[in-house]
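Residue-level structure breakdown
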Amino acid sequence: MPHSHQTPDHQVNPPVDPDVLVRQIADHFCAAMLEAALPNGLGTGLAGNRPIVVILQVPGADWVDYFEEYLRKAYPGALVVARHDDSSRGLAGWNSQTLMPFLHSRAVVGVSHNPESLLPGLLLETADHFVVLEKPDYPMVRDSIIDLTAAMPRRLKANDLAGLDAGQLLAALRPATSAGTMAKRISAIAARQQAALQIPDAPPIDALCLPPAVADWAQRVVVNLPKGDIAGLEHTLISGPPGTGKTLLARSLAASAHLPLVTTNAANWLQSGKGHLSDVLSAQADFFSELGRAAPAIGVIDELDSVPNRRDLRGDYDPWWISLTNALLTAIDQLVASGKPVLLIGITNHCERLDPALVRAGRLGLHLTLPPPQSAGQRLKMLQLHLPDPLNADELSVLLPYLGHQTQAELGQIAVRAKARAAEEGASLNTDHLRSVLAPPETRPEDLRRAVALHEAGHAVMAIHLGRPVHMVSIVPGEGHEGATDFDEAPGGFVTANVIEDNIRILLGGRAADMLAGCGANSGARADISRAAELIHDACFELFLYGPTRQWAGPGAEFKDRRRLVEERLGRLLDETLSILTPLRPALEAVAEALLARSVLTASDLEAVLGALHPAPDPGPKAPKGHQTAQDPSHS
C-alpha cells in the first residue's frame, strides 16, 4: 500500500487565528489614532509610567474594548480604567481611597466614549490631559488595506469613512481577494447609512411665513451649511407658543439645504430602557453620535425643556437630574469643539424653564422666536402648504374671513379634516370642503349666538374707538372659543400705562357690551377678565408703570393686598369702558346684527355697517399693523 508523505518544501502553514488577525488590525488603528491625537511627549510619559492621569474619549462605545486591550499591551505598567456602560468593570467602580495609591505610583489612563458620565469622578477631577480621539481617517484606512493586500485601494473614498463605527470598519477589512473588494464593502456600508438619513420632505423656506430675523437666519443656514461653512452660524434655540411651526421650520431648513435631519426628543430620552441614568445618557449620546456621522447635517432636540434647570431642583433625586443636564452641556461643548459642519437646534415652548448654561453664548447662543401667523393673509399662505397644488391663492381667497386666529398646527388639522370630507364624497378637495370645516353648520341656540355676537361687537367697537383697526370679527366657534376679534396692536415699540389700559378696555369691551345690550354679566368673559387682571398685575408689580408703590410692590406685600389693587384698577377700567360704549350702543347692536346674519365680518364689512350709522363712531387715530386677537370661551 503506498504511503502518502509530505516533504518540508510542501508543508502548509497553519491558518491565522481570526481573533488574532482582528486584534492586529484593531491595534493598528488604535496606535494610529493615538499618534494623531496625543500631545508631544505624552506618549513618552505613558511609556515611562510617570504618575499622570490621561482621559481618552474614544469615538464610540465599540472602540472602548479595543483600546483597553491595546493600552494594556502598549503601556504594561499603566493602570487602564475602561467603561462603555454603567456596569462596574475592573477599577471603574472603586472609591477614592482605592484609586489613590495608583495615582501616586503609576500612569492611569481612563477610556470611555462618555467619560463625564461613566468614568470615576476622581479621575476626571485630577486628569492632567483630556484627549479626544477622532475616527480613523482616510490615510489610516488606506494604509491598513495596503498592509493587508499589498495593493492601493483606488476605489476608497474619504467621504465613505465618516459614519463607520469600529465593528463596521473591521468587518469591511476582513480577508478579501483584493483592495478593491474592501473599498467596495466600505462604500456599501456608507450607502446604506446615507439611505437611512433621508432629506425630509418639507416645503421650502421661502414658502413659510417667518419674521424677518428668522428668515434671514434661515437663508444663511441654507447657503453656508451645505458648503461646510459654519463660521457665521451658531447653534440655535427656537421658542414660541405651541403649534407655531417650529418643527416644520427645522424640516424646511433641512429640505432647502438638501441636508439630512437628525431628530430627537428630550422627553423620549427619559423613557429609554428602564429609565436608569445610563440608559438615558446613552440615548442622548446616540443622538450626538448620529449627528456627527451625518455631517454636514442639522440636528433637532425637541421638547428641550424636559431637561431641567439645575437652579430649580429641590428634591431627593437632584443628582440624577443634574447628571442629565451636565451630560447635555458636555455633549454640546464637544460638538462645538469638533468643528464638524452641523447645526444644532433646540426647540421649546417654554424657554424660561431652560438652564441658563444651556442657552448661553457658545452653546445654544442664538435665540429666535417664532410667533403665530400675524394676519389672515399669512394664515392663508400657511394653509396652502397643507393643500394640493391645484388650489391656488385666488381660489382660496374666499376663506380669508374665516382665518382669524389659527396657528400653523391648527391650519394643518383643518386641511386634514377637509381632505377627509372630500374623500368621503369621492370628490377632489375644493374650497367648499375647507369652508365647511372653518365654519361648520350652526348648532348653537339663537340666544347664545346673539350673546356671542354682542360680546364680539363690544371688542370690535371699542378697538375702533381707540384707533385700533379691526381686520375681522367672527362668531364662528373654534377650539376653546365661541368667537374672535382680530385687531392691530398699539403703535410704538414701548409699552406704557396708557397702552396697557387701552388693551384692557378692548378686553373688557365684551363684558361691557354684555351688560349694556346683552343678558348681563356672564361667564363668557372669563378669559378676557383673567387676561386683563394679568396685564394690570404686570403693569403694577413687574413694570412699575404706576410708580414704585412700596406698599404694594415690596417683597413682603400680601397676596390679598395685591389682589385688592388689581380689583380696584380693573373695576375702574370697566366703568370707563361702560361710559365709552354707552353712547355707542347703536353701533354695538348694528355690528351684532350683521354678525348674526353673516357670522364673519371683514374690515370692509365693518366699515360699511358703521358707516350707515348717523353719526358713525369715532375711529380714533390710526395704528400701524401688528395684529392681536381676542378670543372668547363659551358663553354658558
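Structure: above.
As the structure is a prediction and not an experimental result, all values here were calculated from the model. (Residues numbered from 1 in each chain as written. Predicted model: local features only at pLDDT ≥ 70, side-chain atom pairs only at ≥ 80, totals over all residues. Heavy atoms only, no water.)

**Quick word on the overall build of the protein chain**
When helices and strands are counted, the protein chain shows 25 helices and 13 strands. Here the protein chain, with 636 residues, has 46% of them falling under the buried criterion. Across the protein chain, contacts joining residues at least 24 apart in sequence account for 76% of those joining residues at least 6 apart. Summed over its atoms, the accessible surface of the protein chain is roughly 31,000 Å², and 53% of this surface lies on carbon and sulfur atoms. (Helix = DSSP H or I, 4+ residues; strand = E, 2+ residues; numbered from the N terminus. Buried < 20%, exposed > 50% of the residue type's maximum accessible area, 1.4 Å probe, protein only. Contact = heavy atoms within 4.5 Å. Areas by Shrake-Rupley, 256 points an atom, 1.4 Å probe, with all protein chains shown as cover.)

**Looking at the sheet that holds strand β7 (residues 297-302)**
Taken in spatial order, the five strands line up as β6-β7-β8-β5-β9 in an open sheet, and their pairing is parallel. Across the chains shown, the open sheet's two edge strands, defined by having one partner strand only, are β6 (261-265) and β9 (366-369). Across this sheet, the average inter-strand angle for adjacent strands is 20 degrees, counted without regard to direction. Bridge count for strand β5 (residues 236-239) against β9 is four bridges, and the pairing is parallel. Bridging from a neighbouring strand, S239 pairs with T369 of β9. Packed onto the sheet, helix α10 (residues 212-224) meets β5, β7, β8 (342-348) and β9 and runs at close to 125 degrees relative to β9. Lying over the sheet, helix α13 (residues 277-294) contacts β6, β7 and β8, oriented at roughly 160 degrees with respect to β7. (Pairing = 2+ DSSP bridges. Axes fitted to C-alpha atoms, helices over the stretch in contact; angles between N-to-C directions.)

**As for the sheet that holds strand β2 (residues 79-82)**
The strand order across the open sheet formed by four strands is β2-β3-β1-β4, and the pairing between neighbours is parallel. In this open sheet, the two strands that pair with only one neighbour each are β2 and β4 (129-132). With direction set aside, neighbouring strand axes in the sheet form an average angle of 20 degrees. Strand direction decides the pairing type here: strand β1 (residues 53-57) and strand β3 (residues 108-112), joined by five bridges, are parallel. Within the sheet, the bridge partner assigned to L56 lies in β3 and is V111.

**Overview of helix α17 (residues 408-425)**
Between its first and last C-alpha atoms α17 spans 26 Å; for 18 residues at 1.5 Å apiece the expected length is 26 Å, and the two agree. Every buried residue belonging to α17 is among Q408, L411, G412, I414, A415, A418 and A422, and all of these are buried. Viewed along the axis of α17, the buried residues span an arc of 155 degrees, placing them on a single side of the element. Along α17, exposed side chains directed more than 90 degrees from the buried face belong to A423 and E424. Turning to α17, the residues buried within the fold contact α11 (246-257), α15 (376-384) and α18 (431-438). Positive backbone phi, approximately 65 degrees, marks G426, located one or two places after α17. (Expected span 1.5 Å × (residues − 1). Arc of directions from axis to C-beta.)

**What about the pairing of β6?**
For β6, the buried fraction is high: four of the five residues fall into the buried class. Bridging between β6 and β7 involves five bridges; their strand directions are parallel. Within β7, the residue paired with T263 across the bridge is V300.

**Points about the packing of aromatic side chains**
Geometry of an aromatic ring pair is reported as the spacing of the ring centres plus the angle between the planes. Enumeration according to the criterion identifies three aromatic pairs in this entry. When the centroid spacing of 6.4 Å and the interplanar angle of 70 degrees are considered together, the rings of W63 and Y66 count as edge-to-face. According to the relative accessible area criterion, W63 is buried, its value standing at 1%. Using a relative accessible area of 22% as the deciding quantity, one classes Y66 as partly exposed. Centre to centre, the rings of F287 and F288 are 5.1 Å apart; their planes meet at 75 degrees, and the pair counts as edge-to-face. For F287, a relative accessible area of 3% puts it in the buried group. Among the aromatic residues, those joined into a cluster by ring pairs are W63, Y66 and F67. (Phe/Tyr/Trp six-rings, centres within 6.5 Å; stacked < 30°, edge-to-face > 60°.)

**What to know about the packing of α17 against α18**
Where α17 contacts α18, the axes come no closer than 9 Å and their chain directions differ by 125 degrees. As judged from the angle between their axes, α17 and α18 are oblique. Regarding α17 and α18, the two cross each other, and that crossing is right-handed. The residues of α18 that touch α17, namely those facing I414, A415, R417, A418, R421, A422 and E425, are H433, L434, S436, V437 and L438. Partitioned by chemical class, the residues of the contact of α17 with α18 number seven nonpolar, two polar and three charged. (Parallel < 35°, antiparallel > 145°, perpendicular 65-115°, else oblique. Left-handed = near helix turned anticlockwise from the far one by under 90°. Nonpolar A, V, L, I, M, F, W, Y, C, P; charged D, E, K, R; others polar.)

**Section: the pattern of salt bridges**
Enumeration over the complete set of coordinates arrives at 24 salt bridges. With a shortest N-O distance of 3.5 Å, E568 and R564 are connected by a salt bridge. Note that E568 and R564 are positioned in helix α23 (residues 559-581) at a spacing of four residues, about one turn of the helix. Several salt bridges converge on common partners, so that one network encompasses E442, R444, E446, R449 and E482. (Salt bridge = Lys/Arg side-chain N within 4 Å of Asp/Glu carboxyl O.)

**Looking at the environment of A294**
Locating A294 in the fold gives a position in helix α13. Taking the C-alpha atoms as reference points, A294 and K340, separated by 46 residues in sequence, lie 9.8 Å from one another.

**Describing helix α20 (residues 497-517)**
Its 21 residues place the ends of α20 29 Å apart at the C-alpha level, agreeing with the 30 Å of an ideal helix rising 1.5 Å per residue. If you look at α20, its biggest bend is around 40 degrees, right at L508. Burial of α20 is extensive: 18 of the 21 residues sit out of reach of the surface. (Bend = angle between axes of the 7 residues up to and from the residue.)

**Thoughts on the nonpolar core**
Counting residues in each nonpolar core, the largest one holds 48 residues, and the members touching the most others are V470, I504 and V591. Discounting residues that sit within four places of it in the chain, I504 has contacts with A532, L535, I536, L570 and L573. (Core = buried A, V, L, I, M, F, W, Y, C linked by side-chain atoms within 4.5 Å.)

**Describing unusual backbone geometry**
For the bond from A295 to P296, the omega torsion is -5 degrees, close enough to zero to count as cis. Within the secondary structure, P296 is located in the loop between α13 and β7. The phi torsion at N49 lies on the positive side, around 60 degrees, for a residue other than glycine. By the secondary structure assignment, N49 is in the loop between α2 (42-47) and β1.

**Considerations on the side chain of S474**
Tracing the chain through its elements places S474 in strand β10 (residues 470-474). Here the side chain of S474 touches V476 through a polar contact of 2.9 Å, landing on its backbone nitrogen. In this structure S474 touches E456, G483, A484, L595, S599 and V600, once residues within four positions along its chain are discounted. (Polar contact = N/O pair within 3.5 Å; in protein donor to acceptor, adjacent residues only side chain to side chain.)

**Some points on the environment of A418**
Position of A418 relative to the elements: it lies in helix α17. Overall, A418 belongs to the buried group, its relative accessible area being 0%. Each C-alpha atom, one on A418 and one on V437, is 6.3 Å from the other, the two residues being 19 residues apart in sequence. Once residues lying within four places of it in the same chain are set aside, the contact partners of A418 are L429, H433, L434 and V437.

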